[in-house]
Amino acid sequence: MSSLKFDGLHVDVPGFAFPFLFFLFALPLFGAEPNSGGLPQGRLLHSHARPDQAVVKHLSLDLVVDFESKKLTGSATLKFERKDDAKELRLDSHGLEIRKVSDQSGAELAFKVGEKNQLLGEGLTVTLGEATTAVRVEYATTDAAEAVQWLTPKQTSGGKQPFLFTQSQAILARTWVPCQDTPAVRITYDAKIKVPSRLLAVMSATNPQSRNESGVYEFEMKQPIPAYLLALAVGDLKFKSLGDRSGVYAEPDVLPKATWEFADTERMIEAAEKLYGPYRWERYDLVVLPPSFPFGGMENPRLTFATPTILAGDRSLVALVAHELAHSWSGNLVTNATWNDFWLNEGFTVYFEQRIMEAIYGRNYSEMLAKLNLASLREEMEDLSPRDTWLKLDLRDRNPDDGMTGVAYDKGYFFLRRLEEVFGREAWDAFLKSYFDRFSFKSMTTEGFIAHLKKELLDKDSEKSASVNLDAWVFGPGVPESCPTVDSDELLKVTGHAKAFLEGTSLSVVDAKDWSTHHWLHFLRSFEKPLPVTRMKQLDGQFGLSKQGNSEILHDWLLLSVRSQYEPAYPALERFLTEQGRRKFLEPLYRALIKTESGRELARKIYRKARPTYHPISQATVDGLLEWKASE
Ligand code: BES
Ligand code: ZN
């Protein structure tokens, strides 16, 4: 692996895929230019951009949102900095219809759309004049815009207005904005978005709090962010304040429930600041999207996007808010330099999330979450290749989505918890706080983090340092033996009940009325094998699980039902798979269904109906599982 200086840190150059070219061109070039203003050199992982030649600094978007043609149409003006001899600006674009490119004075520029590439998109190369400092790309999105979902009124809660939202992470920003779509490049942006006048537009930027008659909204993001944090949502949205600097957007009939559920948001911001320093983005708002949002949450700066499936009615799923909020430091301030370093975003964020949860709800609560996470991680690892269980990933020629496993999240978390365990909370917290500060608004590689960790912590105590087992965590498979232990007396209680039930004890002795969501999840997950249908009936009869309103509990119950072929739960299964499109819920259920012939048939029948309601991201995943053809 060729290692190059990058902001005083090291960046790995993905040169392997083309070893020949790499040696011919790359080595001499890199060798001669070890450092160019802190930018990664040469070809990048998952991007056509060459920021070492010309690097975009600011984006001005001017778009019209047309629900009839399902197109975003307008222009992106990109201001950039360039090396004197740079002859072109390379951008990422994927399925965009590029209409015209001109410079800052309006003169047309030659451009070339690259070859089709399913994963990375075609890319757009603009030929620069000697004095070109900005390019204006006139374009429209097409049906290939995988970031964007256009919802019919029926797919919303209100049922009267259409809705649109984007999901740019990891490499889908390029499907709705021509940009340098790599987390190693940061831009500031402003935007003017025109929408039908009955709708409100919000972005990962300064946001309006009410509608205006013109339907034109202006936005500004003054802090530099990577392209994967570009985000837009348009719909019948209303705003309600949660506190001095936080609030929630949702459709009018969802807003009261959302406001109640997120009541602790302001406390979370305070707890986070107390831990790792000031919140740097002024406001922290949330927008609750329709149920086809493919993720639980997305940390779009100033405005977290969230699934309505966390509105449980008892605030039991608000760890997700703590998680997305924590990204305001880990991820949005200090950003993984490549998707191979994804754990720097997610592992740090789970760690920070846990600390916020502990600060507000106590250690017993956060330990329940930790225990559930560790069990899921171990289970998930059984299905992963050993190489995919390293923290440092290798996603060359693969979709960065492949890295979105519990490894980055939970192995990452336990590694950081191991560091806390060895060095003590005080020293560890001081380290983390200064890390976020020192590298704010910068990208970070795994190797850069390790170098910093060694300098600030490990090298100061060789004995402690050895007991961390750093290499086993970062460059080795599985969960290392030095993994901290998690004890949750709370959760132990329910395992006893599950065991007794399997051995024949009647459920009538189980007093579950005080169980939290997490007790339920642990209880259901403790049945490792399929249950006999008679047992499933008893559980359902006693606890009404098929009628469960909590999405997490229902998901686990339905999964157990599919594995146990408990058919009375199938109507609830079909409803669940058609009423929401969160990939984390869809994937395990479809995967379990296709293990049997009849399940496969049912899966295909349900999917035929549900597919048009899913976001392209979820569609792509389920298409793959079911080997679905576009013509079906
Ligand atoms: N940034 C992620 C979501 C993501 C990761 C989208 C990679 C696309 C590619 C977000 O912060 C996240 O982790 N969401 C989780 C919830 C969280 C509580 C673990 C999710 O959506 O399930
Ligand atoms: Zn996350």
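Conventions used here
- Residues numbered from 1 in each chain as written.
- Chains lettered and ligands numbered in written order.
- Predicted model: local features only at pLDDT ≥ 70, side-chain atom pairs only at ≥ 80, totals over all residues.
- Heavy atoms only, no water.
- Donors = N, O, S within 2.8 Å, 3.2 Å for Na, K, Ca; no water.
- Tetrahedral: all angles 85-135°; square planar, octahedral: opposite > 155°, others 65-115°.
- Buried < 20%, exposed > 50% of the residue type's maximum accessible area, 1.4 Å probe, protein only.
- Phe/Tyr/Trp six-rings, centres within 6.5 Å; stacked < 30°, edge-to-face > 60°.
- Helix = DSSP H or I, 4+ residues; strand = E, 2+ residues; numbered from the N terminus.
- Lys NZ or Arg CZ within 6 Å of the ring centre and 35° of its normal.
- Axes fitted to C-alpha atoms, helices over the stretch in contact; angles between N-to-C directions.
- Parallel < 35°, antiparallel > 145°, perpendicular 65-115°, else oblique.
- Contact = heavy atoms within 4.5 Å.
- Nonpolar A, V, L, I, M, F, W, Y, C, P; charged D, E, K, R; others polar.
- Domains from an automatic or database assignment.
- Buried area = accessible area lost by both parts, 1.4 Å probe.
- Salt bridge = Lys/Arg side-chain N within 4 Å of Asp/Glu carboxyl O.
- Polar contact = N/O pair within 3.5 Å; in protein donor to acceptor, adjacent residues only side chain to side chain.
- Near = heavy atom within 4 Å.
- Areas by Shrake-Rupley, 256 points an atom, 1.4 Å probe, with all protein chains shown as cover.
- Pairing = 2+ DSSP bridges.

### Considering the coordination of the zinc ion (ligand 2)
Octahedral six-donor coordination of a metal ideally yields angles of 90 or 180 degrees, compared with 109.5 degrees for tetrahedral four-donor coordination.
Here's step 1: Taken together, His323 (NE2), His327 (NE2), Glu346 (OE) and Glu346 (OE) make up the protein donors of the zinc ion (ligand 2), found 1.9 to 2.8 Å from the metal.
Here's step 2: Taken together, the 6 donor atoms coordinating the zinc ion (ligand 2) and their angles of 52 to 159° define a geometry best described as irregular.
Here's step 3: The sequence pattern describing where the donors of the zinc ion (ligand 2) fall on their chain is H-x3-H-x18-E. Comparing His323 with His327 shows no difference in burial state: the two are buried.

### Remarks on the packing of aromatic side chains
Here's step 1: Under the counting rule described, the total for this entry stands at 43 aromatic pairs.
Here's step 2: Judged by centre distance (5.8 Å) and plane angle (80°), the ring pair of Trp343 and Phe449 falls under edge-to-face. Residue Trp343 is located in helix H5 (residues 342–361), and its partner Phe449 is located in helix H9 (residues 446–456); the two are separated by 106 residues in the primary sequence.
Here's step 3: When its relative accessible area of 0% is taken as the criterion, Phe449 is described as buried.
Here's step 4: Over the ring of Phe585 we find Arg582, and its NZ or CZ is 4.7 Å from the ring centre.

### Overview of the packing of helix H13 (residues 517–525) against helix H15 (residues 551–563)
For any two helices packed against each other, the geometry is given by the interaxial angle and the distance between the axes.
Here's step 1: At a minimum axis separation of 9 Å, H13 and H15 run at an interaxial angle of 10°. For the element pair H13 / H15, the angle class is roughly parallel. Contacts from Thr517, Trp520, Leu521, Leu524 and Arg525 in H13 reach Glu552, Ile553, Asp556, Trp557 and Leu560 in H15.
Here's step 2: Of the residues in the contact of H13 with H15, the class split is 6 nonpolar, 1 polar and 3 charged.

### Quick notes on the domain arrangement of the chain
Here's step 1: As assigned here, the chain comprises domain 1 (54–236), domain 2 (334–474) and domain 3 (489–626).
Here's step 2: For domain 1 and domain 3, the distance between their C-alpha centroids amounts to 39 Å.
Here's step 3: Listed by partner, the interface residues are 9 residues for domain 1 and 6 residues for domain 3.
Here's step 4: Here domain 1 and domain 3 share an interface that buries about 510 Å² over both sides, 59% of which is from carbon and sulfur atoms.
Here's step 5: Applying the counting criterion to the domain 1 and domain 3 interface returns 0 salt bridges.
Here's step 6: For the pair domain 1 and domain 3, the number of links is 4 residue pairs in polar contact (both at pLDDT 80 or more).
Here's step 7: For the side of domain 1 that touches domain 3, the per-class residue count stands at 5 nonpolar, 3 polar and 1 charged.

### With respect to the site of ligand 1
Here's step 1: By nearness alone, 16 residues border ligand 1, and Gln169, Gly296, Glu299, Glu324 and Tyr409 come closest of all.
Here's step 2: At 2.7 Å, a side-chain N or O of Glu324 approaches an oxygen atom of ligand 1.
Here's step 3: Contact between ligand 1 and Tyr409: an oxygen atom at 2.7 Å from a side-chain N or O atom of the residue.
Here's step 4: In the complex, the protein chains occlude 89% of the 530 Å² of accessible area that ligand 1 would expose alone.
Here's step 5: Listing elements by their share of the shell around ligand 1, those giving two or more residues are strand E19 (297–298), helix H4 (319–326) and H5.
Here's step 6: It is H4 that contributes the most residues to the shell around ligand 1, 3 residues altogether.
Here's step 7: A breakdown of the residues in the shell around ligand 1 according to their chemical character gives 6 nonpolar, 6 polar and 4 charged.

### Quick word on the sheet that holds strand E5 (residues 88–91)
Note: strands within a sheet are paired through backbone hydrogen bonds, in either parallel or antiparallel orientation.
Here's step 1: Taken in spatial order, the 3 strands make up an open sheet running E5-E8-E7, and their pairing is antiparallel. Since the sheet does not close on itself, it has two edges, and those belong to E5 and strand E7 (111–113), each with one partner. Pairs of neighbouring strands in the sheet enclose a mean axial angle of 15°, with direction left out of account.
Here's step 2: The pairing of E5 with strand E8 (residues 124–127) spans 4 bridges and is antiparallel. Residue Arg90 lies in a different strand from E8, and its bridge partner there is Thr125.

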